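# Residue-level structure breakdown
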Amino acid sequence: MNSPWLLMHPFLQAAAGGVLIGLASWLLLASLGRVAGISGIAAGALVPSKGVSTEETAWRWAFMVGLVGVGAVVANTMHVPVIAARPYVLLVAAGLLVGFGTVLGSGCTSGHGVCGLGRRSVRSLVATLVFMGAGMVTVTVTAIATILIAA
Amino acid sequence: MIKKLIFSLLSGALFALGLVVSGMTQTSKVIGFLNVGGIVNPQRFGAWDASLAFVMGGALLVTLVAFALTPRAGNKPWAATHFELPSRKDIDSKLLLGAVLFGTGWGLAGYCPGPALASLLSGGMDVVVFTVALVLGMVLAKKLVK
C-alpha cells in the first residue's frame, strides 16, 4: 500500500480504516439519529423528494461536503495512486447501474453493509449478499471474457 | 440546525478518512476482492485481495456495538428529536433487483457511492465520469420508481 507514514500491514490498515468508517456511522447515529447510508444521503441531497424540509436536505449536503472535501485532502496527504483511465462507456454504464440500483434497492455498501448488518437487519443481509454476489459474478465474467479475447 | 450540520459534516469527514485509509477508494482493491476466481486460480485470474473483508470486519465491530447501545428507549440523539432508523423488514423484488443492478455496476468499475464521492476530487477523470452517471441513475430511479 502506498502510504509510508502508516507503516502497517495492509490488512491491519484496512481494518483500521474500517473502524474509522464504523465510528463515523456511530457519530451520525448518536448525533442525528440517522443511518450513514451514502447512496441515501447523496440521493436525498441531490434529488430531494417532494415535501422534504430544507433542514433534511441541508444535513445531507453537509455530510457530502465533509466526505468529498476530506477525502481529497487525505488522498493527497497519503499519496494514493490514481488508477489508470478506463473506457468512458464502461464508467457511464457502471455509474448508471450503481445510481439506479442503490435507489431501487434502498442502499449500498454503507447503508446495507456497514449500518444494516450492524443493526442485524435480515433485509440488509440479503441485499449485501446479493450485491456482493452480483459484483463477484461481474468481475469473474469480465475476467473470463478478457482471457478469451486475448487468446 | 447548525449543530446538525456540524455533526454531519464531521461524520462525512471521518467517513472519508476511513475510506481512504482502508484503501477502498482504490478500485483495484475492490475489484481484487470481488475477483473470487483468484482464490481458485491466481495464475489465470490474478491474486485475490482480502482487504475489503477486513474493512467490513473493522466497521462492523463498531456498528454492532453502536446500534446495540445507542438507539435505546429513553436515549435521544444529541442534535435531533428522535432516532429515525429504517423499519422495513420485507424482502421484495425491488430490493433484490436493485442489489443485482448495484452489484453489477460495482463489479464493472469498482466504485460504490462512498468511495466515488471520497475520491471525486483526487481520483482523476474516471471517478468524475462515474459520479455524473451515478447521479443520473439516481434521478432516473427516483422518477421511474417512486
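Residues numbered from 1 in each chain as written. Chains lettered and ligands numbered in written order. Predicted model: local features only at pLDDT ≥ 70, side-chain atom pairs only at ≥ 80, totals over all residues. Heavy atoms only, no water.

## Details of the overall build of chain A
Along the backbone of chain A there are 6 helices and 0 strands. Each helix and strand of chain A, ordered N terminal to C terminal, gives the series α-α-α-α-α-α. The buried share of chain A, reckoned over its 151 residues, is 56%. For chain A, restricting intrachain contacts to residue pairs at least 6 apart in sequence, the fraction spanning at least 24 positions comes to 43%. By element, 75% of the accessible surface of chain A is carried by carbon and sulfur atoms, the whole surface being about 6300 Å². (Helix = DSSP H or I, 4+ residues; strand = E, 2+ residues; numbered from the N terminus. Buried < 20%, exposed > 50% of the residue type's maximum accessible area, 1.4 Å probe, protein only. Contact = heavy atoms within 4.5 Å. Areas by Shrake-Rupley, 256 points an atom, 1.4 Å probe, with all protein chains shown as cover.)

## Thoughts on the interface of chain B and chain A
The partner chain A presents 103 residues to the 108 residues of chain B that form the contact. If you look at where chain B meets chain A, you find 5 salt bridges. Linking Asp126 of chain B and Arg86 of chain A is a salt bridge whose minimum nitrogen-to-oxygen distance equals 3.1 Å. For the interface between chain B and chain A, the tally reads 18 residue pairs in polar contact (both at pLDDT 80 or more). Breaking the side of chain B that touches chain A down by element, the ones donating at least two residues are α1 (2-22), α2 (27-34), α4 (42-45), α5 (51-69), α6 (93-109), α7 (113-118) and α8 (125-145) of chain B. Taken together, the residues of the side of chain B that touches chain A break down into 69 nonpolar, 26 polar and 13 charged. (Salt bridge = Lys/Arg side-chain N within 4 Å of Asp/Glu carboxyl O. Polar contact = N/O pair within 3.5 Å; in protein donor to acceptor, adjacent residues only side chain to side chain. Nonpolar A, V, L, I, M, F, W, Y, C, P; charged D, E, K, R; others polar.)

## Some remarks on the side chain of Thr63 of chain B
Looking at the secondary structure, you find Thr63 of chain B in helix α5. Non-local contacts of Thr63 of chain B, meaning those with residues more than four positions away in its chain, are made with Gly22, Ser25, Val114 and Gly118 of chain A.

## As for the nonpolar core
Judged by nonpolar contacts, the single largest core of 63 residues is most densely connected at Leu67 of chain A together with Phe15, Leu52, Trp106 and Phe130 of chain B. Here this core takes 7 residues from helix α1 (residues 10-32) of chain A, the largest share from any one element. Those residues in contact with Phe15 of chain B that lie beyond four places of it in its chain are Ile21, Ala24, Ser25, Ala36, Ile38, Phe63, Leu67 and Ser110 of chain A. Judged by nonpolar contacts, the second largest core, of 6 residues, contains Val74, Ala75 and Met78 of chain A together with Val20 of chain B. (Core = buried A, V, L, I, M, F, W, Y, C linked by side-chain atoms within 4.5 Å.)

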